[in-house]
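# Breakdown of the fold
Listed below, chain by chain, are the residues.
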Amino acid sequence: MNCIFCKIIAGEIPAKLLVDSNHVVAFPDLNPVAPTHILILPKRHVENAAELAEVDPDALKEIFKVAKKLAGELNLPGYRTVFNTGEAAGQSVFHAHLHLLGGRSFSWPPG
Ligand code: DGP
């Protein structure tokens, strides 16, 4: 399968792993849009968050626990978590991943 994130998980593409548990990894986004921009994702290849919720809800839960833990370690006073689903919503890598964003203020509605 030609999936960039599967290649990172397999160690074929380098990334600084901040978390590497049995089911979840986290690493900084290559193109950060905030001072803190970390991707948190399941090792298992699924296309998006809804699919992950169906096939492995425990991994989805762990992803949000990791987000909270990293935000705490980084002393973020607040943070934004985003799962883009589908090209129309800005998804470019079709391996489910949570964006953890922090270190600046965020506007609403998002762009
Ligand atoms: P999305 O557009 O929601 O599918 O987010 C995909 C993110 O993945 C995007 O912000 C850039 C990031 N990204 C793409 N390729 C790589 C890579 O090889 N390494 C890292 N660290 N991030 C990547």
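Everything below is about the structure printed above this text.
To keep things clear, this report deals only with the structure shown in the data block. Since this is a predicted model, take the numbers as computed values, not measurements. (Residues numbered from 1 in each chain as written. Predicted model: local features only at pLDDT ≥ 70, side-chain atom pairs only at ≥ 80, totals over all residues. Heavy atoms only, no water.)

## Here we look at the site of the ligand
Near the ligand lie 16 residues; those nearest to it are Asp29, Asn84, Gly90, Ser92 and His99. One of the backbone nitrogen or oxygen atoms of proline 28 is found 2.9 Å away from a nitrogen atom of the ligand. In this structure, histidine 97 approaches the ligand through a side-chain N or O atom, which is 2.9 Å from an oxygen atom. Protein contact buries 85% of the 510 Å² of open area that the ligand shows by itself. Here the ligand is seated within the largest pocket. Of all the elements in the fold, those that place two or more residues in the shell around the ligand are α1 (4–9) and β2 (24–28). It is α1 that contributes the most residues to the shell around the ligand, 3 residues altogether. Tallied by class, residues from the shell around the ligand come to 8 nonpolar, 7 polar and 1 charged. (Near = heavy atom within 4 Å. Polar contact = N/O pair within 3.5 Å; in protein donor to acceptor, adjacent residues only side chain to side chain. Areas by Shrake-Rupley, 256 points an atom, 1.4 Å probe, with all protein chains shown as cover. 1 Å grid on protein atoms, 1.4 Å probe; cavity = no way out; pocket = protein on both sides within 12 Å on 5 of 7 lines; lining within 4 Å. Sits in = over half its atoms within 2 Å of the grid points. Helix = DSSP H or I, 4+ residues; strand = E, 2+ residues; numbered from the N terminus. Nonpolar A, V, L, I, M, F, W, Y, C, P; charged D, E, K, R; others polar.)

## Overview of the environment of alanine 71
Structurally, alanine 71 is set in helix α3 (residues 57–73). Here alanine 71 falls in the buried class, since its relative accessible area comes to 2%. Distance in space between the C-alpha atoms of alanine 71 and threonine 36 is 9.0 Å, their sequence separation being 35 residues. (Buried < 20%, exposed > 50% of the residue type's maximum accessible area, 1.4 Å probe, protein only.)

Honestly, that's just the spatial picture; any functional story needs more than this.
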